[in-house]
Amino acid sequence: MTELRNHAGPVRTGRPARTESRRVVFIAAPGTEILDLVGPLQVFARAAEMFSKRNTDSPPIYSVEVVTTSPRRSFVTNCGLRITAHKTFREVRGKIDTLLIAGGTAIENDEISTEVVRWLRKIAGRIRRIGSVCTGAMLLARAGLLDGRQATTHWNWCELLIKRCPRDDIDPNPKFIRDGNVYTSAGVTAGMDLALALVEEDHGSALALQVARNLVLYLRRPGGQSQFSAALSLQLTDRKPLRELESWVLDNLNKPLNVPVLAARVAMSPRNFARVFTKEMKTTPAKFVERLRVEAARRRLEESQNSMETIAGECGFRNVNSMRTVFQRALRIAPGQYRRHFRGRLGQSPLPRMRRNNRT
């Protein structure tokens, strides 16, 4: 889990106090997954742009640069697009506030030179926070920077990361994890979620929310949220009736959604439906519907002004107390606290501090 803190204070309009410029460095190797790189990079760049427009007397809050592990600045990403980095790793000088490693084929195939690994290990102690997007975690692990820490990566690569790094505690579920000053995230869009969380950590919820809206992102998804949404898991089944059931359920969350009702919708007997659904989805219909209701309630808490009573009714909970109980069980946070966080109250974390397994 993550705990996000507001180090730099809230964003203010008018004439703010002087704000330091934080240097954010992205490490990219040949074959970099381009969205692992440019997605979170754009979050920091847009945050700096939006802050500067409102605070013309303040220096940029972020300076962002790309550093390549290649001998030359030019490298080719996994989609064939050639990018020219600002520097090679050998040319890096000066203080770095935040360093993030983008995932990609060179890292996944363990093709990064030992010189890069030694360099990363050497500078890590001087960096305020260091992290990875997707399989970039494999380079962190190779440098020993994940030893004894909890970390995550894209679900498809967790097994390989566990084999390569048996000393690390790899959790395949969260979108991103913070352990001390080390941050790891799942793939692609989760890197943008992580970047938004870091912006919030530095400059508060207001700016992070403005950036998310500007980039038309789904606000800010908590790091502890699963890499798989309930709706997405339903779309993965080969059975068309079950896939089509999703949209109907989402449109009817306020109705009783027990097994007989769901079974009738797909023209199956309740007994056969429950058996097939559980086999396909690896969960019961009741638990699946509960997850959909939680996800729908989360979106309404973030995006609407509706009362708790209204949201509970819209999403099919019996009452506010029922919604609170389910929220606590699923997200380990009360609905009211969750809403306060997404309403921009600064300095509050929507998630408890990460609990380490079998460690003090």
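Just so it is clear, the structure is predicted and the values come from calculations on it, not from any experiment.

Here we come to the overall build of the protein chain. Of regular secondary structure, the protein chain possesses 15 helices and 11 strands. The buried share among the 360 residues of the protein chain stands at 53%. Surface accessibility of the protein chain: about 16,900 Å² in total, with carbon and sulfur atoms responsible for 49%.

Looking now at helix H6 (residues 189-203). With 15 residues, H6 should reach 21 Å at 1.5 Å per residue; the first-to-last C-alpha distance of 21 Å fits that figure. With respect to burial, H6 is a largely interior element, 14 of its 15 residues being buried. Immediately beyond the C-terminal end of H6, within one or two residues, lies Gly-204, with a positive phi of roughly 95°.

The next point concerns the pattern of salt bridges. It is possible for side chains of opposite charge to pair when their charged atoms get near one another. Scanning the model with the defined rule gives 19 salt bridges in all. Of the charged contacts in the structure, one is a salt bridge between Arg-73 and Glu-91, with a shortest N-O distance of 3.1 Å. With Arg-73 in the loop between strand S2 (62-68) and strand S3 (74-76) and Glu-91 in the loop between strand S5 (87-88) and strand S6 (98-102), this pair connects stretches of sequence that are 18 residues apart. Given the relative accessible area of 38%, Arg-73 is considered partly exposed. Classification of Glu-91 by relative accessible area gives partly exposed; the value is 33%. Bridged by salt links that share partners, the residues Glu-20, Arg-22, Asp-97, Arg-128, Arg-129, Arg-178, Glu-201 and Asp-202 form one connected network.

Viewed as axis vectors pointing N to C, helix H1 (residues 34-54) and helix H7 (residues 205-214) meet at an angle of 115°, and their least axial separation amounts to 10 Å. Taken together, the axes of H1 and H7 lie roughly perpendicular to each other. Crossing of H1 over H7 shows right-handed handedness. Contacts between H1 and H7 involve Val-43, Arg-46, Ala-47, Met-50, Phe-51 and Arg-54 from the former and Leu-207, Gln-210, Val-211 and Asn-214 from the latter. Residue composition of the contact of H1 with H7, by class: six nonpolar, two polar and two charged.

Summarising the model, the protein chain shows a mean pLDDT of 83, and 82% of its residues fall at 70 or more. Low pLDDT (under 50) marks residues 222-236, which in the prediction has 53 contacts with non-local residues, meaning those over four places away or in another chain. In the model, residues 344-360 has pLDDT below 50 throughout and makes 45 contacts with residues more than four positions away in sequence or in other chains.

Another point: the state of the cysteines. Tallied over the entire structure, the rule returns zero disulfides. With no disulfide of its own, Cys-158 has Cys-134 as its nearest cysteine by sulfur position, at a separation of 9.3 Å.

What follows is about the packing of H1 against H6. One can describe the packing of H1 onto H6 by two numbers: an axis separation of 7 Å at closest approach and a directional angle of 30°. Taken together, the axes of H1 and H6 lie roughly parallel to each other. Our pair here, H1 against H6, has a crossing hand that is right-handed. Where H1 abuts H6, its residues Gly-39, Pro-40, Val-43, Phe-44 and Ala-47 lie against Gly-191, Met-192, Ala-195, Leu-196, Leu-198 and Val-199. Class assignment of the residues belonging to the contact of H1 with H6 gives a composition of nine nonpolar, two polar and no charged.

Neither face of strand S11 (residues 182-185) is exposed, since Val-182 and Thr-184 on one face and Tyr-183 and Ser-185 on the opposite face are all buried. Where strand S7 (residues 129-133) meets S11, four bridges bridge the pair, whose relative direction is parallel. Bridging from a neighbouring strand, Ser-132 pairs with Thr-184 of S11. Looking at chain direction, strand S10 (residues 176-179) and S11 are connected through four bridges and run antiparallel. By the bridge assignment for S11, Arg-178 is matched with Tyr-183. Hairpin geometry of S10 and S11 is characterised by an intervening segment of two residues between the two adjacent antiparallel strands and by a positive phi of about 65° at Gly-180.

Another aspect to go through is the packing of aromatic side chains. All told, the structure shown has six aromatic pairs when counted by the stated rule. On the numbers, 5.5 Å between centres and 45° between planes, the contact of Phe-273 with Phe-277 is tilted. In this pair, Phe-273 and Phe-277 both sit in helix H11 (residues 270-281), four residues apart, roughly one turn of the helix. Through pairs of rings, three or more aromatic residues link up here, namely Phe-26, Phe-44 and Tyr-62.

The backbone of Cys-134 shows a phi angle near 55°, a positive value even though the residue is not glycine. Of note in this structure, Ala-267 is not a glycine but carries a positive phi near 55°. Considering the arrangement of structural elements, one finds Ala-267 in the loop between helix H10 (259-265) and H11. Residue Ala-267 is classed as exposed on the basis of its relative accessible area, which comes to 71%.

The next point concerns the sheet that holds strand S1 (residues 22-28). Taken in spatial order, the seven strands line up as S5-S2-S1-S6-S7-S11-S10 in an open sheet, and their pairing is mixed. Looking at the sheet topology across the chains shown, the edges are occupied by S5 and S10. The sheet contact formed by S1 and S2 spans seven bridges and is parallel. Looking at S2, one finds that Val-25 is bridged to Glu-65. Across the face of the sheet, H1 comes into contact with S1, S2, S6 and S7 while running at roughly 160° to S2. Along the sheet, H6 contacts S1, S2, S6, S7, S10 and S11; its crossing angle with S11, the most-contacted strand, is approximately 150°.

The rules behind these values
- Along each chain, numbering runs from 1 in the same order as the chain's sequence is written.
- Since the coordinates come from a predicted model, pLDDT governs what is reported: local features require at least 70, and pairs of side-chain atoms require 80 or more to be given and counted, while whole-chain, interface and lining totals use all residues.
- To get the side-chain values, all heavy atoms of the structure are used, and hydrogens and water are removed first.
- Each helix is a run of DSSP H or I of at least 4 residues and each strand a run of E of at least 2, with the numbering of both proceeding from the N terminus.
- Exposure categories follow from relative accessible area, calculated using a 1.4 Å probe and restricted to protein chains: below 20% of the type maximum is buried, above 50% is exposed, and the middle band is partly exposed.
- The method behind every accessible area is Shrake-Rupley, applied with a 1.4 Å probe, and residues are considered shielded solely by the protein chains displayed.
- The span one expects for a helix is its residue count, reduced by one, times 1.5 Å.
- Every case where a carboxyl oxygen of Asp or Glu lies within 4 Å of a side-chain nitrogen of Lys or Arg is listed as a salt bridge.
- Every axis in this analysis is a line fitted to C-alpha atoms, fitted for helices over the stretch in contact. Angles between the N-to-C directions lie between 0 and 180 degrees.
- For this classification, under 35 degrees means roughly parallel, over 145 means roughly antiparallel, 65 to 115 means roughly perpendicular, and everything else is oblique.
- In this scheme the handedness of a crossing depends on how the near helix is turned from the far one: anticlockwise by less than a right angle means left-handed, clockwise means right-handed.
- Here, two residues are considered to be in contact whenever any of their heavy atoms come within 4.5 Å of each other.
- Note on residue categories: nonpolar means Ala, Val, Leu, Ile, Met, Phe, Trp, Tyr, Cys or Pro, charged means Asp, Glu, Lys or Arg, and polar means any other residue, Gly included.
- The predictor reports its confidence for every residue as pLDDT, a score running from 0 up to 100.
- Two cysteine sulfurs form what is called a disulfide whenever their separation falls within 2.5 Å.
- Paired strands are those between which DSSP finds at least two bridges.
- Whether two aromatic rings pair depends on their centres lying within 6.5 Å, for rings of Phe, Tyr and Trp, where Trp uses its six-membered ring; planes under 30 degrees apart make the pair stacked, over 60 edge-to-face, and the rest tilted.

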